[in-house]
Amino acid sequence: MERSAIYHRPASEMAYMANKQNYRLQLKTKHRDITRVQVIFGAPQMLVKDSGQTDVWKYATKEMDKRLQNGIYDVWEVKLPIPVTRKLKYAFHLLDREGNELLYDANLMQLYTPKAVQEMTGFLTPYLVLDETATTPEWTKKMIWYRLMPDRFANGDQKKDLKDTLEWGQKADKAKFFGGDLQGIIDKLAHIQGLGFNGIYLSPVFDAYSNHKFDTIDYYEIDPAFGTKEKFKELIEAIHQRGMKVMLDITCDHLSDFSLQWQDVRKYGARSSFAKWFLIKEFPVRYVPSELPDYSERLTYEALNNNPHMPKVDLENPEVQAYFGNILTYWTRNFDIDGWSIADSNEIPAAFKRYLLETLRQVKADIYLLGNTIAKKAEHDDVFAGNNSIDVRELVEGTFITKNIPPTELAYALNEHQLRADPSTLSASLLAADSPQTQRILAKCEGNVQLLRAVLAFMFMQPESPSILYGTEKGLKTGTEAALQPCMEWKDDQVSVEMQRFLKTLLAMRIRYNNVLCEGSFEWGQCSNQYSYLSFSRRLGDKRLFALFNLGYGSIKIILPQNCKLLLGQNLVEQDKRLGQAGFAIVEL
């Protein structure tokens, strides 16, 4: 028994309240070193008389199940009932293949004996009270998001187009508009739902200068290029009538330099009533332009990514907190918004996040707040329901596309990622194949549609909620940043027809097996760096899925279990028992 590999950290992602009635524990051990783990648990002060009339601790035991495993370690998990005293004392009883037994508690790893159980200190919890604001809305675990940018999606009302609106389908220009609007989205809802998506994730729709609207000027107005508040309400109602959810993008860490608050600071300097809203080093506020219009290294104030047109606000300031709290409350209450994606959430103070969540929960109990960050190695958010899992996307790209991450390293990294968060946080997090701020996933695949399908199939097998950017189903591959994303292509060709057929099947599989994929165990099977393939199983109760992906340039031999049901596959030649390049097979056992 490898004692150095046995690990548990109390009061962390390895020990926390799953709900009011249950406490979830996780334990990490060396792969295949331990055959069985029992948790010994009970109320700390629960004493009874034994046969000799001696006070002994009254406890129960419960078996742990493997949640994660790869070639390096296993992760065991269990849910314990919380005693009426709301306090727990617990320890782990481990057994290995040779029959050795170990008792692991907060102070010792010792040989297991009934006497040792009675004398141990144990891991002790404080009085357990569930933080209601930290609970994850149940509906978020079932979502598949379709992300779109109104200006580039569909033009449904050409009468309101600007004078210099570009013809639909032309090459994107940072300073130009294509006329996409809210009516266009309403007109195309059937297309989105027909593919199987049940959530629409909108980039900012508020009044702004740019075409992407991340530089909001007035948070209380819909940008006139998109439509009116009445049209926006019509859109939200149309989405809800289809049984779908809607999430809006919003930035809370900066304002536009066109905002009334910043203009007031520019005019009155330190005397402005908004002077303390911003992170200003010295007055007057100014910057030295560079060759790039959206970048300066010499500013007298803090700005997002050194963009002088996006001055950062002080989110520790109660007035600023109330300002954004009121904005989100207004749209949530009056337009029935289901969720908000908070940009740059890793740079937002935890106190402000909690303020937002508590404020919005009073308006809508099951509101969803997503921490959206492009920061690498971002920790799981301990306030918002979930995060944008950019680390997972980059890991998958590194193994499938650039091939600089070996399959075994991907397996280890994904286990570490899942270990850092509870299952509810993972299922409420977002795993986006691409986004408005990144290069299109098909471009990263260098136009290889089969490789794109393999990447998407792998992502849809992960616990996080999948998200796809508009046009992926049509084979769009240009666009490297928000202002340069292409127009949606509404005419179909052979590639788009086949891609839409594939996505319908993929989304239907995700919906059917959603519980297995969100809550089930994750067991890595054979993974080969030499032959470039990986396999894994997802299991929940009597449901078990198995997936094999060929990442190499040649074909590999595959023997599928008898009586299995093929759910989705590519480049699978069953009669030859071969799986070709970019091939995969997902089966139900």
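Before reading further, recall that the structure is shown in the block above.
Reference entry: report on the structure contained in this document. This one's a predicted model, so the numbers in the text were calculated from it and none came from an experiment. (Residues numbered from 1 in each chain as written. Predicted model: local features only at pLDDT ≥ 70, side-chain atom pairs only at ≥ 80, totals over all residues. Heavy atoms only, no water.)

### Structural notes on helix 6 (residues 260–268)
Think of an α-helix as turning once every 3.6 residues; residues three or four places apart then point the same way. Burial in helix 6 covers these residues: Q261, W262 and V265. For helix 6, the arc enclosing every buried residue in end-on projection is 95°, short of the 170-degree limit, so these residues lie on one face. Turned more than 90 degrees away from the buried face of helix 6 sit L260, R266 and K267, all of them exposed. Where helix 6 is buried, its residues contact helix 7 (318–335). Downstream of helix 6 by a residue or two, G269 has a phi angle that is positive, lying close to 60°. (Buried < 20%, exposed > 50% of the residue type's maximum accessible area, 1.4 Å probe, protein only. Helix = DSSP H or I, 4+ residues; strand = E, 2+ residues; numbered from the N terminus. Arc of directions from axis to C-beta. Contact = heavy atoms within 4.5 Å.)

### Here's the deal with unusual backbone geometry
Comment: phi is negative for the bulk of residues other than glycine, and the bulk of peptide bonds are trans. That bond from F283 to P284 is cis: its omega, -5°, falls within 30 degrees of zero. Tracing the backbone shows P284 in the loop between helix 6 and strand 18 (287–288). Within the chain, A11 stands out as a residue other than glycine whose phi angle is a positive 50°. Looking at the element boundaries, A11 is found in the segment before strand 1 (15–17). With relative accessibility at 68%, the residue A11 sits in the exposed group. Phi is positive for D336, which is not a glycine, with a value near 60°. Locating D336 in the fold gives a position in the loop between helix 7 and strand 20 (339–343).

### Examining the environment of F197
Assignment of secondary structure puts F197 in the loop between helix 4 (189–195) and strand 14 (199–202). C-alpha separation for the pair F197 and L503, spaced 306 residues apart in sequence, amounts to 9.7 Å. Residues within four places of F197 in sequence aside, it is in contact with I144, W145, Y146, I192, M244, I468 and L507.

### Some thoughts on the pattern of salt bridges
Scanning the entire structure with this criterion turns up 27 salt bridges. Note that E481 and K174 form a salt bridge whose closest N and O atoms lie 3.4 Å from each other. Of this pair, E481 sits in the loop between strand 24 (465–469) and helix 14 (494–512) while K174 sits in the loop between helix 2 (150–153) and helix 3 (182–187), placing them 307 residues apart in sequence. Residue K174 is classed as partly exposed on the basis of its relative accessible area, which comes to 46%. Put simply, D253 and K312 hold a salt bridge, and the shortest N to O gap is 3.3 Å. On the criterion of sequence distance, the pair formed by D253 in the loop between strand 17 (245–250) and helix 6 and K312 in the loop between strand 19 (298–299) and helix 7 is long-range, its members being 59 residues apart. For the pair formed by D253 and K312, the shared burial category is buried. (Salt bridge = Lys/Arg side-chain N within 4 Å of Asp/Glu carboxyl O.)

### A word on the nonpolar core
L202, F232, F324, W340, F400, F458 and F549 are the most contacted members of the largest nonpolar core, which has 119 residues in total. Residues within four places of W340 in sequence aside, it is in contact with F206, M247, L248, I250, L328, W331, T332, L360, I367, Y368, L369 and L370. By size, the runner-up hydrophobic cluster in this structure holds 24 residues, among which are L25, V37, W76 and F92. (Core = buried A, V, L, I, M, F, W, Y, C linked by side-chain atoms within 4.5 Å.)

### Quick word on the sheet that holds strand 14
As summarised here, the arrangement of the eight strands in space is 22-21-20-17-14-13-24-23, forming an open sheet in which the pairing is parallel. Since the sheet does not close on itself, it has two edges, and those belong to strand 22 (386–387) and strand 23 (430–432), each with one partner. Two elements, strand 14 and strand 17, share four bridges in a ladder whose sense is parallel. Bridge pairing in strand 17 links G199 to K245. (Pairing = 2+ DSSP bridges.)

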